[in-house]
Amino acid sequence: MSSADYTIRGLGLVPPNKIVPVIVVPGIMGTNLRAKQKPRLGRLEDERNRMVEPGRPAWRPPNGDSGGLKAANIWDMYTPRERQLLLDAATLEVDPDGPIVIPKSEDSYVLSERDLRERGWGELHADSYGGLLYALQTRLNQTFGFDEHGKKRFVQPHWKEVMACDPRRWGLRQFAPLTEDHLVKHAEYYFPVYAAGYCWLQDCKTSAEMLEKRVLEIINSWEGAKRQCSKVILVTHSMGGLIARACARRIPDKIAGVIHGVMPALGAPVAYRRLAFGTEPSSPNSSPLKKFADSRVAMILGNRAEKTTPVLATSPGALELLPNHLYPHPWLHVRVFRFTSGPQGANQAGETGAHSYQTKPNDALSFPNANLQNPYDLYRDMKFWFRLVNPELADPAGKYDNSKRDGVVSAIKKAINTAETFHRTLGDYYHPNTYAFYGDDKEQLSFGQVRWVALQQAGSATALTPANLTAARYIGQSETGQRRVLVEGKTELRFAPDQQDARGDGTVPHQSGAGPAGKVKQVFATEGYDHQGSYNNEHMLMLTLRLITKIVQEIS
């Protein structure tokens, strides 16, 4: 009804009718946690958190350098007792109110902060996942533009970058090219991006059941809006991959495909190291700035066993990151160096740096072995000096009644049994339409194995053997946290874990990252990032976009 002279036009964007939700599942400690808003009382396990009020944050990883420094100082002051009480899984739930990165509207569909919180973005650590959520939401849904002058469409710049990316950035010499025809089919769908946090201290099976419920709710919400939606795509990071695999095993028909990033498919020896000795302060080949940052992270996570044990020892989720029954054996070793002179040091490098004094190292013990084949039996052991858990450190808050059923020891073994059941039930299952990438970087050393290393002074009359080292008695810790061990009642050795030894991403070694090989559609051995920042790497982000388009091509 307007005049023909009125030439102003408006643009209204309407999402396609066909919907494929993309759900990001984070790694351990990547989900914000709070004290339960409505803790239940009168139960076998009290759900009231004894450190923070109901609904208040209990775990929010810091964002930014200044936030990291502040958090490191705060967490370093927490006593073992306070850590146990604060990070008590029974009292915690997912916190949806963390910081989020709101996408700019530009040519995309306008999303408010409320929309994004309903999609779970506030549940995840913003520094680690905010960029990923933002990029997926904007780039997946901006495929083509229209040139008004030329009267033709064009491929958006971010997709041109994916099309032009050198496959060597993804660990390949060649990779099937992404074509405009692929993008045409991709553009037939709308990809709303969700985040699915979980309590990472609880069993991965429980978290998988929560993820299943979330998947079904999301699908039902779009169907209720009269849209075509029957399947989702899961994008996982680290431990989130284990949860997504367990979920996909339950509802494979609701999953269009899965992309796993830096997943510890077979577990990671660093989990043993952190529980048994504390979080490593740095990697040997890191830059000075990276070493400083890592030392602050260690302060937050706990840089000694006294601080890590009370939280991790009874938490199935954390224990499910230990090397599982499929991890290459052996991976735990006891090594002793004998010095011709000089003081006893702490590790293979030696605090004196006197390499010329060392003789041939003696790897006296290795586990799992013929006599101890099941790694979970090793984890359940509370007597050997090289045990995973020192029960004396596990319950500083007195949560467990040690007069009944072995108290905290019973709780530890129950958690390990839960982890073993999860691992054996999951086995080597992967969704049929799965892709995975992992770090295989010599500049990002990880623990492929853990070695307890000690230096034996010259002149010692004790001949060390597998038998007397196995039977050696734990007598305490040194001031620097080494395990003091007495052999044959007369020779003291001080053991500390050796440094990282394997290519990886700084956390997951290549042995575990490559675990899906031969069981999924494709595995990418990649470089150039650390574990936590994997999805902040532009090339890994482009690989994720490329793989989503591959998954979409198979949707009928």
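Structure: above.
Parameters at a glance
- Residues numbered from 1 in each chain as written.
- Predicted model: local features only at pLDDT ≥ 70, side-chain atom pairs only at ≥ 80, totals over all residues.
- Heavy atoms only, no water.
- Core = buried A, V, L, I, M, F, W, Y, C linked by side-chain atoms within 4.5 Å.
- Buried < 20%, exposed > 50% of the residue type's maximum accessible area, 1.4 Å probe, protein only.
- Helix = DSSP H or I, 4+ residues; strand = E, 2+ residues; numbered from the N terminus.
- Axes fitted to C-alpha atoms, helices over the stretch in contact; angles between N-to-C directions.
- Parallel < 35°, antiparallel > 145°, perpendicular 65-115°, else oblique.
- Left-handed = near helix turned anticlockwise from the far one by under 90°.
- Contact = heavy atoms within 4.5 Å.
- Pairing = 2+ DSSP bridges.
- Salt bridge = Lys/Arg side-chain N within 4 Å of Asp/Glu carboxyl O.
- 1 Å grid on protein atoms, 1.4 Å probe; cavity = no way out; pocket = protein on both sides within 12 Å on 5 of 7 lines; lining within 4 Å.
- Points joined across faces, edges and corners; volume = space filled by probe spheres on them.
- Nonpolar A, V, L, I, M, F, W, Y, C, P; charged D, E, K, R; others polar.

1. Considering the nonpolar core
Thinking step 1. Ranked by internal contacts, the top residues of the largest apolar core, which has 99 residues, are I23, L211, L234, Y272, W452, L469 and F495.
Thinking step 2. The element best represented in this core is helix α14 (residues 408-426), accounting for eight residues.
Thinking step 3. Counting 47 residues, the second-largest nonpolar core is a separate cluster that includes V155, F175, V193 and L545.

2. Some details on the packing of helix α1 (residues 65-77) against helix α10 (residues 288-301)
Thinking step 1. In the contact formed by α1 and α10, the axes pass within 7 Å of each other and the chain directions differ by 40°. One element, α1, and the other, α10, form an angle in the oblique class. Crossing of α1 against α10: the hand is left-handed. Contact with α1, carried on its side by G68, L69, A71, A72, N73, W75 and D76, involves F292, R296, M299 and I300 of α10 and no other residues of that element.

3. Overview of the sheet that holds strand β4 (residues 57-59)
Thinking step 1. Taken together, the three strands give an open sheet; going across it, the order is β4-β3-β5, and neighbouring strands pair in antiparallel fashion. Unpaired on one side and paired on the other, β4 and β5 (92-94) mark the two borders of the sheet. Going from strand to strand, the sheet's axes swing by 45° on average, the running direction of each strand aside.
Thinking step 2. Note that strand β3 (residues 33-35) and β5 share three bridges and pair antiparallel. Paired with L33 across the two strands is V94, which belongs to β5.

4. Here we look at the environment of A135
Thinking step 1. Among the structural elements, A135 can be located in helix α4 (residues 126-140).
Thinking step 2. Note on A135: relative accessible area 4%, which makes it buried.
Thinking step 3. In sequence terms A135 and H158 are 23 residues apart; their C-alpha atoms lie 9.9 Å from each other.
Thinking step 4. Excluding residues within four positions of it along the chain, A135 makes contact with L140 and L541.

5. Observations concerning unusual backbone geometry
Thinking step 1. Cis rather than trans, the peptide bond between H329 and P330 has omega equal to -15°.
Thinking step 2. For the peptide bond that leads from F367 to P368, omega is -15°, which places it in the cis range.
Thinking step 3. Within the fold, P368 resides in the loop between β13 (362-367) and α13 (375-380).
Thinking step 4. Backbone geometry at S238 places phi at a positive 55°, although glycine is not the residue there.
Thinking step 5. With respect to the helices, strands and loops of the structure, S238 is situated in the loop between β10 (232-237) and α8 (240-250).
Thinking step 6. For S238, a relative accessible area of 4% translates into the label buried.

6. Some points on the sheet that holds strand β17 (residues 473-477)
Thinking step 1. Pairing within the open sheet is mixed, and its six strands lie in the order β13-β12-β16-β19-β18-β17. A strand with exactly one partner marks an edge of an open sheet, and here the two such strands are β13 and β17. Strand-to-strand, the axes of this sheet are offset by a mean angle of 25°, without reference to chain direction.
Thinking step 2. Sheet topology places strand β12 (residues 332-338) next to β13; five bridges connect them, and they run antiparallel. Residue pairing for β13: V336 is matched across the bridge by N362.
Thinking step 3. Of the strands in this sheet, β12, β16 (450-456), β18 (483-487) and β19 (491-497) touch helix α9 (residues 269-277), which is tilted by about 50° from β16.

7. Topic: the pattern of salt bridges
Thinking step 1. Under the counting rule described, the total for this entry stands at 31 salt bridges.
Thinking step 2. Across the pair K290 and D530 runs a salt bridge, and its minimum N-O distance is 3.9 Å. Taken as a pair, K290 in helix α10 and D530 in the loop between β21 (522-526) and α17 (538-553) lie far apart in primary sequence, 240 residues in all.
Thinking step 3. Through salt bridges with shared partners, a single network forms among K205, E209, E212 and R250.

8. A closer look at empty space enclosed by the protein
Thinking step 1. Within the structure shown, the criterion is met by three cavities of 30 Å³ or more.
Thinking step 2. Within this model, the largest cavity holds a volume of roughly 70 Å³.
Thinking step 3. Looking at the largest cavity, the residues that line it are L275, A276, A305, T309, R387, L388, V389, N390, L393, Y474, Q477 and R483.
Thinking step 4. Where the lining of the largest cavity is concerned, the elements lending two or more residues are α9, α11 (305-312) and β17.
Thinking step 5. Roughly 60 Å³ of internal volume is contained in the second largest cavity.
Thinking step 6. L242, R245, P264, A265, L266, G267, E320, N324, H423, L426 and G427 are the residues that line the second largest cavity.
Thinking step 7. Counting residues per element, the ones that place at least two in the lining of the second largest cavity are α8 and α14.
Thinking step 8. Residues that form the lining of the second largest cavity fall into these classes: five nonpolar, four polar and two charged.

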